[in-house]
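Structural description and commentary
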Amino acid sequence: MVKPLSIACLVLSMVFPSASRAGDAPAKIRVLLVIGGHDFEREPFLDVFRSNPEITFETVGHPDAHARLSAEAARSWDVLALYDMWQPISDAAKADFLARLKDGKGIVVLHHAIANYQKWNGYARIIGGKYFLANESFDGRDHPASTYKDDVRFTVEVERNNHPVTRGVENFEIVDENYHGLWVDPSATVLLRTKSPTNHPILAWARTEQASRVVYLQLGHGPSAFGNTSYRKLLAQSIRWTAGRSE
Ligand SMILES: [Zn+2]
């Protein structure tokens, strides 16, 4: 027998789909922000996360960060945001990282985190790019060490504005660090480009790995980037997309 209350709930949930949720607002996206191994201006950077109303976040440094990748510890976060630059990683931590990709955790890789784990090629494959800290043979060719140049004013060109990460973002100017001589996975979905001669032509991309969505955003060296409204929007939309909250 169908109780009247069930019918009322059914009708309500058809008229107001959100009424079937426990509350009105969707749960906040829980971000685990990994830092360490590279200096940055802490407060202006953390403000980008504090001012994002869609998320809660927690920072963790090295060497503690890898313990947060275990199946048990990963119950407390939805998206891993990497703003670290760190080299040592155990086989157990690599296995945990790979297992979280099978779980479909979101991965947002920021700026210098493209230089993480130089000796673990799996990391470069997962994130879809690599900054070479030294000359290296990778992906069938010899790469000289990558280079950087700070305080460059350049134009960021949106490659496609129909992607959830770039939606609503127009081409914009920014003062930020340039990286040159990167390897970028040719199968990654290009999101942002630049013609700055001291930068690799691709500034941001998206890909999927196992069940996870992955975004790399090169922007974000210091306060001139952190305060840029387009940077903030790109980062917020990267978190949202990798969390599976946008299609
Ligand atoms: Zn930097």
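Read on for an overview of the structure. (Residues numbered from 1 in each chain as written. Predicted model: local features only at pLDDT ≥ 70, side-chain atom pairs only at ≥ 80, totals over all residues. Heavy atoms only, no water.)

With respect to the nonpolar core
In this structure, Phe 45, Phe 49, Leu 192, Leu 217, Leu 219, Leu 235 and Ile 239 are the most contacted members of the largest nonpolar core, which totals 38 residues. Each residue touching Leu 192, except ones within four places of it in the same chain, is listed here: Val 156, Glu 157, Val 158, Glu 159, Thr 166, Pro 201, Ile 202, Leu 203, Ala 204, Leu 217, Leu 219 and Leu 234. Counting residues in each nonpolar core, the second largest holds 33 residues, with Ala 93, Val 109, Ala 113 and Ile 127 among its members. (Core = buried A, V, L, I, M, F, W, Y, C linked by side-chain atoms within 4.5 Å. Buried < 20%, exposed > 50% of the residue type's maximum accessible area, 1.4 Å probe, protein only. Contact = heavy atoms within 4.5 Å.)

A look at the side chain of Ser 238
Mapping Ser 238 onto the fold places it in helix H6 (residues 229-242). Relative accessible area serves as the criterion here: at 0%, Ser 238 is assigned to the buried category. Not counting the four nearest positions on each side in its chain, Ser 238 is found in contact with Val 108, Val 165 and Val 215. (Helix = DSSP H or I, 4+ residues; strand = E, 2+ residues; numbered from the N terminus.)

A few points about the side chain of Glu 136
Mapped onto the fold, Glu 136 is located in strand E6 (residues 136-138). A polar contact of 2.9 Å, which involves the side chain of Glu 136, links it to the side chain of Lys 130. (Polar contact = N/O pair within 3.5 Å; in protein donor to acceptor, adjacent residues only side chain to side chain.)

Describing the coordination of the zinc ion
Every protein donor of the zinc ion is listed here as His 111 (NE2), Glu 177 (OE) and His 221 (ND1), and their distances to the metal cover 2.0 to 2.1 Å. Along the chain, the residues donating to the zinc ion are arranged with the sequence spacing H-x65-E-x43-H. Remark: Glu 177 occurs in strand E9 (residues 172-180) and His 111 occurs in the loop between strand E4 (106-110) and helix H4 (121-127); sequence separation between them is 66 residues. The pair formed by His 111 and Glu 177 is uniform in burial state, with each residue classed as buried. (Donors = N, O, S within 2.8 Å, 3.2 Å for Na, K, Ca; no water.)

A short note on the pattern of salt bridges
For the structure on display, the rule yields 15 salt bridges. In this structure, Arg 100 and Asp 103 form a salt bridge, with 2.7 Å as the shortest nitrogen-oxygen distance. Pair noted here: Arg 100 and Asp 103 are both in helix H3 (residues 91-103), with a separation of three residues, about one helical turn. Arg 207 is paired through a salt bridge with Glu 209; the nearest N and O atoms lie 2.7 Å apart. Each member of the pair, Arg 207 as well as Glu 209, carries the same accessibility label: buried. (Salt bridge = Lys/Arg side-chain N within 4 Å of Asp/Glu carboxyl O.)

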